[in-house]
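Structural characterization, general
Chain by chain, the residues run as shown.
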Amino acid sequence: RGGGTTGGRLCHRTGGRGLKQALIDRTRFARGASGRNHGCLREGTAANPAEAVRPHGRTTALEVWAVTTENHLRLAESLNGRAGYRRSGSRTLAASAVEEAQLAESAELMSEDGWPVEFDRRSIINPRDGELFPAEAVAALAADCPPGSIFEEVELTSLEEPPIAAEEVILATNAFTGQLLEGIPIAPVRAQMLATAPFPTRVAERPTYSDHGYQYWRQLPPGEVLAGGYRDRALAEEVGYELVTTAAIQGHLDRHLAALGVTAPVSHRWAGTMGFT
């Protein structure tokens, strides 16, 4: 399995049961999607609840929401205050009149189903969402694994001749699963982000999402602003394993900063690959 959130947590859990195991990663811990995101723990899906209910039905959407809620609680329990974890809530902001109507419907659905949300016409605030430093979170999970169970920079190219003998192999490899299991319906989808130097004005009180999850930003306590998304502006180009930034998407992110009024210089630009079914 890979050295991300899922692999690290599974290593800790199975190690606690006395099972002999090996967690291998072809690079190093947190080099994949688990360490390249903007560090938010969100209940539900990227789509708002009204969007999720239409194709899947209310019962299924509610079940998905419950799974993500439990997942959040289990990760918070594992971190035990490490990796800058805090439950600051999140804001979902409408980017259009259509999305505004969907958020109003979503707030009503969530309230009826017992989720403590607030709605102020243009946005939903979910007070139970959280944030953390993603690479530090993966490192914390790795620190809890049994001594000698982690092997970094071990290349696995085939399951027929693995470098370590094992009775069972679990692939926690996200977007890269298809490189080991041909034909598995998981596509590698790239996302891009940037971060600024500290900016003294508070432009985001909590992690914020907009445009059906295609835009997201967050401001750290010292003032750095993280912004990501706009993948919908180049869907065909943002597929594949190449971890590179592009001028087109980064240009959208630069304009997003300008719209927020952020004048601090950009200190980092990066990309990560996620697995989409």
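Residues numbered from 1 in each chain as written. Predicted model: local features only at pLDDT ≥ 70, side-chain atom pairs only at ≥ 80, totals over all residues. Heavy atoms only, no water.

1. Quick look at the overall build of the chain
Assigned secondary structure in the chain consists of seven helices and twelve strands. Projected onto the principal axes, the alpha-carbon positions of the chain cover approximately 55 × 45 × 40 Å. Put simply, 71% of the contacts in the chain that link residues at least 6 apart link residues at least 24 apart. Just so you have it, the chain exposes about 14,200 Å², and 53% of that area is on carbon and sulfur atoms. The centroid of the 28 positive side-chain charges in the chain is displaced by 4 Å from the centroid of its 34 negative side-chain charges. (Helix = DSSP H or I, 4+ residues; strand = E, 2+ residues; numbered from the N terminus. Contact = heavy atoms within 4.5 Å. Areas by Shrake-Rupley, 256 points an atom, 1.4 Å probe, with all protein chains shown as cover. Lys, Arg positive; Asp, Glu negative; His and termini not counted. Charge placed at Lys NZ, Arg CZ, Asp CG, Glu CD.)

2. Quick word on helix α7 (residues 247-260)
Taking 1.5 Å of rise per residue, the 14 residues of α7 would be expected to cover 20 Å, and the 20 Å separating its terminal C-alpha atoms lies within 8% of that figure. Regarding α7, the residues found buried are I249, Q250, G251, H252, L253, H256 and L257. Looking at the packing, one finds that the buried side of α7 touches β8 (187-196), β10 (215-219), β11 (225-229) and β12 (266-276). G261 sits one or two positions beyond α7 and adopts a positive phi of about 85°. (Expected span 1.5 Å × (residues − 1). Buried < 20%, exposed > 50% of the residue type's maximum accessible area, 1.4 Å probe, protein only.)

3. Here we look at the pattern of salt bridges
Within the structure shown, the criterion is met by 15 salt bridges. Between E100 and R121 there is a salt bridge, with the nearest N and O atoms lying 3.1 Å from each other. Of this pair, E100 sits in helix α5 (residues 97-112) while R121 sits in the loop between β4 (118-119) and β5 (123-126), and the two are 21 residues apart along the sequence. Look at E100 and you get partly exposed, because its relative accessible area is 22%. Residue R233 pairs with D211 through a salt bridge whose shortest N-O separation is 3.8 Å. With R233 in the loop between β11 and α7 and D211 in the loop between β9 (208-210) and β10, the pair connects residues that are 22 residues apart, well separated along the chain. (Salt bridge = Lys/Arg side-chain N within 4 Å of Asp/Glu carboxyl O.)

4. A word on empty space enclosed by the protein
For the coordinates displayed, the defined rule picks out two cavities of 30 Å³ or more. Taken as a whole, the largest cavity holds about 120 Å³ of empty space. If you go around the largest cavity, you meet 14 residues; those closest to its centre are R42, W65, T92, M110 and I124. Partitioning the lining of the largest cavity into residue classes produces six nonpolar, five polar and three charged. Reported here for the second largest cavity is a volume of approximately 100 Å³. If you go around the second largest cavity, the residues you meet are P49, A52, V53, R58, A61, L62, W65, L109, M110, D113 and W115. Listing elements by their share of the lining of the second largest cavity, those giving two or more residues are α3 (49-56), α4 (58-79) and α5. Ranked by the residues each element gives to the lining of the second largest cavity, the list is headed by α4, at four residues. (1 Å grid on protein atoms, 1.4 Å probe; cavity = no way out; pocket = protein on both sides within 12 Å on 5 of 7 lines; lining within 4 Å. Points joined across faces, edges and corners; volume = space filled by probe spheres on them. Nonpolar A, V, L, I, M, F, W, Y, C, P; charged D, E, K, R; others polar.)

5. Observations regarding the pairing of strand β3 (residues 90-93)
In this structure, β3 lies alongside β5, joined through four bridges in antiparallel fashion. Counterpart to R91 in the pairing with β5 is I125. (Pairing = 2+ DSSP bridges.)

6. Brief notes about α5
Taking 1.5 Å per residue as the helical rise, α5 with its 16 residues ought to reach 22 Å, and the 23 Å between its terminal C-alpha atoms agrees with that figure. Those residues of α5 lying buried are E99, Q102, L103, S106, A107, L109 and M110. Down the axis of α5, the smallest arc covering the buried residues is 165°, so these residues share one side. For α5, the exposed residues lying more than 90 degrees away from the buried face are A97 and E108. Once α5 finishes, G114 follows within two positions and takes phi at roughly 90°, a positive value. (Arc of directions from axis to C-beta.)

7. Side note on the confidence of the model for the chain
The pLDDT averaged across the chain works out to 90; a share of 98% of its residues lies at or above 70. Looking across the chain, the model is least confident in helix α1 (residues 5-15), with a mean pLDDT of 83, and most confident in α7, with 98. (pLDDT = per-residue confidence, 0-100.)

8. Looking at the sheet that holds β3
Strand order in the open sheet formed by eight strands is β4-β5-β3-β9-β10-β11-β8-β12, and the pairing between neighbours is mixed. Each having just a single partner strand, β4 and β12 make up the two edges of the open sheet. As paired elements, β8 and β11 share three bridges and run antiparallel to each other. What sits directly across from M193, in β11, is G228. Sitting on the sheet, α5 is in contact with β3, β4, β5 and β9, with an inclination near 35° to β5. The sheet strands contacting α7 are β8, β10, β11 and β12, and the helix crosses β8 at an angle near 40°. (Axes fitted to C-alpha atoms, helices over the stretch in contact; angles between N-to-C directions.)

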